[in-house]
Amino acid sequence: MSELLGVPSQVLFGQLLLGLINGSFYAVLSLGLAIIFGLLNIINFAHGAQYMMGAFVAWMLLQYAGVGYWWALLAAPVVVGITGVVIERLLLARLRNADHLYGLLLTFGLALIIQGIFRNEYGVSGLPYGIPPELAGGRNLGFMFLPNYRAWVVLASLTLCLATWFVIERTRLGAYLRAATENPTLVQAFGINVPLLVTLTYGFGVALAAFAGVLAAPIYSVNPNMGADMIIVVFAVVVIGGMGSILGSIVTGFALGIVEGLTKVFYPEASSTVIFVIMILVLLVKPAGLFGRAA
Amino acid sequence: MGIRTWLLATTFAIGAMGAAEAQVAVKLGVLNDRSGVYADLSGEGSVVAAQLAVEDFKAKEKGIDVSIISADHQNKPDIGSNIARQWYDRDGVDVILDVPTSSVALAVSQITREKNKILINSGAGATDLTGKQCSPNTIHWTYDTYALGYGTGTALVKRGGDTWFFLTADYAFGHALERDTAEVVKKAGGKVLGQVRHPFPGSDFSSFLLQAQASQAKVIGLANAGGDTINAIKQASEFGIVAGGQTLAGLLVFLSDVHALGLEAAQGLVLTEAFYWDQNDGTRAWSERFAARHGGSKPTMVHAGVYAGTLHYLKAVEALKSKDTKAVLEWMRANPSEDPLFGKGEIRVDGRHVHDMYLFEVKKPSESKGPWDYYNQLSVIPAAEAFRPLDAGGCELVKKS
């Protein structure tokens, strides 16, 4: 068996692929964060809770209404996205001119409240959610066994990320959005409803989180703390990629998934810290992040 | 009548009643995780279990006035220690119950000894509680890492699982569980092929599972707990590890974990527990009452241990007509325990409560009649061999006697 750095290359390929899969979650979540930060200038600490809500809504749809995975993948982001719209209109909109810190505190508080409610209702052990039958099983790639569902996760996340990127960078709607980020007053003067744009953007960012939550439900246990565990890493990803950079957050998400995957082979104990080490290094060299522009 | 007068009047009335009927007033404190990873297997359920014990014992009629308080230690030793000190010093707590999370349990055990009170532990797993850090004031009721490793380890080697690979949570508890189980495996003639230490808590285990798969060990031992175990088992089923012929050994799996996993993912898992609700009429009847008060959830072995420990304590207080710490502890050690959940048992000089343990296998979805019908019993591990031998733990109390 050929070896690379003392590790059989088969194992290495397997780990690279797994890294890519985990990177998919990082990418979708950090994309949502980046969009929200870009337009609203708010660090959405409730993102993890909204990811968790996505998974829970999928579970509830199955449990109480018999609605399966595929419809949940559509419905859960819409439902959670609407709660996002409500939160934006009722609460965040009032903070538009306040310091960053207020938005951060508000969303952090919301995250704690949402997690607390779910914990009270459903306990902490989590709830079972099966893999959809169409995607059960897997195939042997020669170097590893790839469950079909994981392949789907990569495919779905990549498509979603690229589609989002395309809409924002290449369409008229995206142009409005980017313009509103640069100078909201001027854009409003051109007759574009900026507050509506802002509300919908927040709703969309939240929907992205919920989508990732539904994707995660069959893999991780659906429990109230699932977002809290994930969100810290995702924040690191956003910081490394550059706050507010769309493409940066996607690329960094996938890349860091791979770096983390490799660490799990060479020095597993460090796999939960490696991303933060990279974050520190990046901040030392490029304080605005890899893809960010210095203010 | 103002609220203040009313309160005063009631207090006097209760005081007068107490003087007439109760000669001894005891205060029990249930200290456990009420919001984190262990909240379902201990948490409010342990309070319910303690209340049931007080009611079943008819404490009031026997002249014992029991009050129960509870608090959340958040799995943090500093928080747990502060609460324990406050309870003993200011709130007049006589006994602390439950205390899952070994690091917190060891700290509370130390404080209990200083204050000369009693700790009846049900939720924690570390064998150190009755080993190097044993205390005359600490009783360890339900299980420990040795009993779990011994039960599951021996059984699986006997069934042909003679090569092992460990997936270990990278902290004291995980290391202890791995060490204890590895010893048992080797003693039974098995071989340990390797291990991987994963960060605690983790969420994605696919990478580690792939390494375990590549080791070609027959058994993959999961030396972790709670959410980590749940995620590892769920993902192992996804990666076709069980289908590929490797067996998963959950070294610390509670009924609540199996409930969270669902039978589809958990089926075939072999595990050791001290109690299962569907063992006999006694356990079924009690569990029914427990579920009625606890949102329909069946009790875990930790809940059962809190119940049985409380019952045994109350018996001591009744027999002695006093709550004197030293006398109660002596009585509890000198007299065998008996209750509907654990049957007969006894407390050794090192504080270890010994009773039969059971080896279970998780049912296939087709075998289960509904929610909470999860285990098939494979064998009984007799009390005499289920726990670490008295002289092997390094407890100073043993050497003296």
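Every chain is numbered independently, its residues counted from 1 as its sequence is written. Whichever chain is written first becomes A and whichever ligand is written first becomes 1, with later ones labelled in order. Given that this is a predicted model, residues contribute local features only at a pLDDT of at least 70 and side-chain atom pairs are listed and counted only at 80 or more, while totals for whole chains, interfaces and linings are drawn from all residues. Side-chain measures were taken over the full set of non-hydrogen atoms in the model, leaving aside hydrogen atoms and water.

## Observations concerning the interface of chain A and chain B
Then comes step 1: Of the residues lining the interface, 32 residues belong to chain A; the matching set on chain B comes to 28 residues.
Then comes step 2: Any Lys or Arg side-chain nitrogen located within 4 Å of an Asp or Glu carboxyl oxygen qualifies as a salt bridge. At the boundary of chain A with chain B, the tally comes to three salt bridges.
Then comes step 3: We note a salt bridge from A:R150 to B:E238, for which the minimum N-O separation is 2.8 Å.
Then comes step 4: For the purposes of these results, a polar contact is taken to be a pair of N or O atoms within 3.5 Å, where, inside protein, one atom must be able to donate a hydrogen and its partner to accept one; residues adjacent in sequence count only when each atom of the pair is a side-chain atom. Seen at the junction of chain A and chain B, the total is 12 residue pairs in polar contact (both at pLDDT 80 or more).
Then comes step 5: At the level of elements, α1 (9-40), β4 (145-147), α5 (148-170) and α10 (246-266) of chain A are the ones that each hand at least two residues to the side of chain A that touches chain B.
Then comes step 6: The element contributing the most residues to the side of chain A that touches chain B is α1(A), with four residues. Contacts: residue pairs with any heavy atoms within 4.5 Å of one another. Think of it this way: any DSSP run of H or I at least four residues long counts as a helix, any run of E at least two long counts as a strand, and we number them from the N terminus.

## Observations concerning the state of the cysteines
Residue and element names in this part refer to chain B.
Then comes step 1: The criterion for a disulfide is a pair of cysteine sulfur atoms lying within 2.5 Å. Tallied over the entire structure, the rule returns one disulfide over all chains.
Then comes step 2: Covalently, C134 is tied to C395 through a disulfide, its sulfur atoms 2.0 Å apart. Between C134 and C395 the sulfur-sulfur dihedral comes to about 80°; the bridge is accordingly right-handed. Taken as a pair, C134 in the loop between β4 (118-121) and β5 (138-140) and C395 in the loop between α14 (383-386) and α15 (396-400) lie far apart in primary sequence, 261 residues in all.
Then comes step 3: Judged by its relative accessible area of 3%, C134 is buried. Under the scheme applied here, a residue whose accessible area is under 20% of the maximum for its type counts as buried, over 50% as exposed, and between as partly exposed, the area being computed with a 1.4 Å probe on protein chains only.

## Topic: the environment of B:S337
Residues and elements named next belong to chain B.
Then comes step 1: Inspection of the secondary structure puts S337 in strand β11 (residues 337-339).
Then comes step 2: Take S337: its relative accessible area is 2%, and that puts it in the buried class.
Then comes step 3: Distance from S337 to L311, taken between C-alpha atoms, is 8.9 Å for residues 26 residues apart in sequence.
Then comes step 4: Excluding residues that lie within four positions of it along the chain, S337 makes contacts with W141, H312, G343, K344, G345, E346 and H353.

## Thoughts on the pattern of salt bridges
Then comes step 1: On inspection of all chains with the given rule, the structure shows 24 salt bridges over all chains.
Then comes step 2: The partner of B:D180 in a salt bridge is B:R179, and the shortest N-O contact between them spans 3.5 Å.
Then comes step 3: Residue class for B:D180 comes out buried when judged on its relative accessible area of 9%.
Then comes step 4: Overall, the relative accessible area of 43% leaves B:R179 in the partly exposed class.
Then comes step 5: Each of A:R150, A:K264, B:D204 and B:E238 takes part in a single network of salt bridges with overlapping partners.

## Looking at the sheet that holds β4(B)
All names here are of chain B.
Then comes step 1: Strand pairing is defined by DSSP finding a minimum of two bridges between the two strands. Read from one edge to the other, the open sheet built from five strands follows the order β2-β1-β3-β4-β5, with strand pairing classed as parallel. Here the strands that pair on one side only, and so sit at the sheet edges, are β2 (64-72) and β5. Sheet twist, expressed as the average angle between the axes of neighbouring strands with direction ignored, equals 20°.
Then comes step 2: Note that β4 and β5 share three bridges and pair parallel. By the bridge assignment, N121 is partnered in β5 with H140.
Then comes step 3: A fitted line through C-alpha atoms represents every axis, and for helices the fit uses only the stretch in contact; the resulting angles, taken between N-to-C directions, go from 0 to 180 degrees. Contacting β4 and β5, helix α13 (residues 325-334) runs over the sheet at an angle of about 35° to β4.

## Looking at the UniProt feature "domain: Leucine-binding protein" (unreviewed entry) in chain B
Then comes step 1: UniProt positions are given in the numbering used here, feature names are shortened, and annotations may be inferred rather than shown by experiment. Per the UniProt record, "domain: Leucine-binding protein" (unreviewed entry) is found at residues 26-363 of chain B.
Then comes step 2: Along residues 26-363 of chain B one finds 43% helix and 21% strand; the C-alpha atoms at either end are 42 Å apart.

## Focus: the domain arrangement of chain B
Residue and element names in this part refer to chain B.
Then comes step 1: What fixes the domain bounds is an automatic or database domain assignment. Domain boundaries assigned for chain B yield domain 1 (24-143 + 280-351) and domain 2 (146-273 + 356-382).
Then comes step 2: Of note, the centres of domain 1 and domain 2, computed from C-alpha atoms alone, are 28 Å apart.
Then comes step 3: Accessible area that two parts lose when put together, evaluated with a 1.4 Å probe and summed over both, is termed the buried area. Roughly 1,200 Å² of surface becomes buried between domain 1 and domain 2 when both sides are summed, with 70% attributable to carbon and sulfur atoms.
Then comes step 4: Of the residues that constitute the side of domain 1 that touches domain 2, the class distribution is six nonpolar, six polar and two charged. Gly falls in the polar group here, along with every residue not listed as nonpolar (Ala, Val, Leu, Ile, Met, Phe, Trp, Tyr, Cys, Pro) or charged (Asp, Glu, Lys, Arg).

## Examining helix α3 (residues 69-90) of chain A
All names here are of chain A.
Then comes step 1: In this scheme, a helix's expected span is set at 1.5 Å multiplied by one less than its residue total. Counted at 1.5 Å a residue, the expected span for α3 with its 22 residues is 32 Å, and the 31 Å between its end C-alpha atoms agrees.
Then comes step 2: Fitting axes to the seven residues that end at a residue and to the seven that start at it, the angle between those axes gives the bend at that residue. Considering bend angle alone, the principal kink of α3 is centred on A75 and spans about 30°; proline P77 follows within four residues of it.
Then comes step 3: Here α3 has its buried residues at Y69, A72, L73, A76, P77, V80, G81, G84, I87 and E88.

## What about the side chain of B:K117?
Then comes step 1: Tracing the chain through its elements places B:K117 in the loop between α4 (102-114) and β4.
Then comes step 2: Setting aside chain neighbours within four positions, we find B:K117 in contact with B:Y88, B:V93, B:D94, B:T112, B:N137 and B:T325.

## Some remarks on the pairing of β4(B)
Residue and element names in this part refer to chain B.
Then comes step 1: Residues I118 and I120 of β4 are buried on one face, and the alternating residues L119 and N121, pointing to the opposite face, are buried as well.
Then comes step 2: Examined bridge by bridge, strand β3 (residues 95-98) and β4 share four bridges and lie parallel to one another. Pairing of I96 across the sheet is with L119, part of β4.
Then comes step 3: Crossovers are described as right-handed under a simple rule: with the strands pointing away from the observer, the path leading from the first strand over the helix to the second runs clockwise. As for the winding sense of the linkage, the β-α-β connection from β3 through α4 to β4 is right-handed.

## Topic: unusual backbone geometry
All names here are of chain B.
Then comes step 1: Unusually for a residue other than glycine, K58 sits at a positive phi of about 55°.
Then comes step 2: Along the chain, K58 falls in the loop between α2 (43-56) and β2.
Then comes step 3: Among the residues examined, K58 registers a relative accessible area of 45% and is labelled partly exposed.
Then comes step 4: Within the chain, K321 stands out as a residue other than glycine whose phi angle is a positive 55°.
Then comes step 5: Its place among the elements puts K321 in the loop between α12 (301-320) and α13.

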